[in-house]
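Remarks on the overall topology
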Amino acid sequence: MEGLPGQIAFDEYGRPFIILRDQEKKTRLTGIAAHKSHILAGKAVAEVLKTSLGPKGLDKLMVGPDGDVTITNDGATILDLMDVNHQIARLMVQLSKSQDDEIGDGTTGVVVLAGALLEQAEKLLDKGIHPIRISDGYEMAAKIATAKLDEISEVFKVDLANPEPLIQLAMTTLGSKIVNRCHRQMAQIAVDAILSVADFERSDVDFELIKVEGKVGGKLEDTMLVKGVIVDKDMSHPQMPKEVKDAKIAILTCPFEPPKPKTKHKLDVTSVEDYKKLREYEKEKFESMVKMVKDKGANLVICQWGFDDEANHLLLQHELPAVRWVGGPEIELIAIATGGRIVPRFEELTEDKLGNAGIVRELNFGTTKDRMLVIEKCKNSRAVTIFIRGGNKMIVEEAKRSIHDALCVIRNIVRDNRILYGGGAPEIAASLAVSDAANKISTLEQYAVRSFSEALESVPLALSENSGLSPIHTLADVKSRQVKENNPFLGIDCLDKGTCDMKKQGVIETLTAKKQQILLATQLVRMILKIDDIRAPMDHL
């Protein structure tokens, strides 16, 4: 080999590669040492999130690389904003993201459970049990736990005439969030939004029809649900009417401007006459465009592109209100809501392609110059917008995350209408079932199954610890009462309501979210236990 000393070396084919300094002192972890390293990384991530669990959970302040501040207790958001380098810790981040993408709730609990399973696995490894036997035992235990959850679940009737139980469900989700100051109002908004767009025949909810908009200013209590679309734009000219009733909307993706030559020829205007001719041509083109739109019966134009002052002035003269620079997603939502078609060329505009709305009006915010456009009483009333207000950007963003969680929970109940009563009660019931099953297993897997039972208790332990209770005493008391009274709805009384019966407290969780938590956490831990080596790109040197 030859080349620059200590920098780059070349092999016999002349290909350069980097030599790492002190490489001979570096070692690669394999076997049990690797497992221990992986478990340590997973536990570290879980420990960060453990204090954020439950209604009395603490928030985390995340500072971004450019100094922006986020305060949240949403597990997926915290992990997403954490600068994680360890490969196994990154897997924990992906675990939380998977729970968020699929279910939308329980992102903290899934990481806490995975951390507890890894902690229990470490004790089993110290006893000399092979990782594969631990992994198999965990899989057996997860099946027993989810079967127990199915057994203790109750069917939840989704009744459009009586949305109160759904509001209770949404309030459980929002109980641990910053927005719990206007707890019920937010829950009501989330339920109304889902019921407006839900397709009960298919048991599904199209989230594309729900838009969440936020605007800094005002109070959190000013948050409202608009049965229509809100666009962060205003009329293109200040003298245009601020309200259009029985709007016939032309939705355009072509700009109000004369066609440009598509060749590379240059146009030189050398005399006043030429300039006047060009100006006349432009005006003529503008007027023909405006006439095309008006002739088809439109009394409002929503345009994806901008138009210059001359076009704007002509629109005002011809009494045709217009909105410019409306983004692609908003254009699509307006088209869905108003039943209109997006038109790419003026010549293609016809009367049946116009969107219909009962009223289009501008919203003003107190003394500020901010204005937004509200399109209400649409042809397709299923499209809705949740409009969030807050004192600063941080509050608005956290409210958006909270509303998203509540929307996801109500969507899950529309898809699968089975529920559990929360507060750690399902985990304790599943833990007792898994522990009983472990006593009937004669093979080595019984140790892993018993450890799984202990790991399930980590959630109620964290809940009681975060609520200022004595964790071990509280858990022992609830466990013994669940067995004596044969009541799987007994959990941790985090809010000091005087009863441990979560059914009486109205603490409701969806079965889908809880089962997914256990299955995803088990799946990830089994994957981590099967990794006995990490090969980085430079490890061959």
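Values in this document were obtained by computation on a predicted structure and should not be read as measured data.

Turning our attention to the sheet that holds strand β9 (residues 224-226). Spatial strand order, β8-β17-β9: 3 strands in an open sheet with mixed pairing. Across the chains shown, the open sheet's two edge strands, defined by having one partner strand only, are β8 (210-216) and β9. Along the sheet, successive strands turn relative to each other by an average axial angle of 25°, direction set aside. Pairing of β9 with strand β17 (residues 384-390), which is carried by 3 bridges, proceeds in the antiparallel orientation. Paired with V226 across the bridge in β17 is T385. Against the sheet, helix α7 (residues 183-197) makes contact with β8, β9 and β17, and its axis sits at roughly 165° relative to β17, the strand it touches most.

Moving on, we come to the packing of aromatic side chains. Taken as a whole and judged by the stated rule, the model has 2 aromatic pairs. Here the aromatic rings of Y138 and F452 are separated by 5.7 Å at their centres, their planes lie at 70°, and the arrangement is edge-to-face. Within this pair, whereas Y138 is found in helix α5 (residues 131-152), its partner F452 is found in helix α13 (residues 445-456), the two being separated by 314 residues in sequence. Accessibility expressed as a relative area gives 0% for Y138, which makes it buried. Taking 4.9 Å as the distance between ring centres and 70° as the angle between the ring planes, the aromatic pair formed by Y421 and F489 counts as edge-to-face. With a gap of 68 residues between them, Y421 in strand β18 (residues 418-421) and F489 in the loop between α15 (471-485) and α16 (502-505) connect regions that are remote in the sequence. Above the ring of F207, the side-chain terminus of R411 is found at 4.9 Å from the ring centroid.

In this section: a nonpolar patch on the surface. A surface patch of nonpolar side chains, amounting to about 270 Å² of accessible area, comprises L61, V63 and V69. Inspection of the secondary structure puts V69 in strand β4 (residues 69-72). For V69, a relative accessible area of 41% puts it in the partly exposed group.

Rules of the game
- Residues numbered from 1 in each chain as written.
- Predicted model: local features only at pLDDT ≥ 70, side-chain atom pairs only at ≥ 80, totals over all residues.
- Heavy atoms only, no water.
- Pairing = 2+ DSSP bridges.
- Helix = DSSP H or I, 4+ residues; strand = E, 2+ residues; numbered from the N terminus.
- Axes fitted to C-alpha atoms, helices over the stretch in contact; angles between N-to-C directions.
- Contact = heavy atoms within 4.5 Å.
- Phe/Tyr/Trp six-rings, centres within 6.5 Å; stacked < 30°, edge-to-face > 60°.
- Buried < 20%, exposed > 50% of the residue type's maximum accessible area, 1.4 Å probe, protein only.
- Lys NZ or Arg CZ within 6 Å of the ring centre and 35° of its normal.
- Patch = residues over 30% accessible without salt bridge, like charges linked within 9 Å, V, L, I, M, F, W, Y side chains within 5 Å.
- Areas by Shrake-Rupley, 256 points an atom, 1.4 Å probe, with all protein chains shown as cover.
- Salt bridge = Lys/Arg side-chain N within 4 Å of Asp/Glu carboxyl O.

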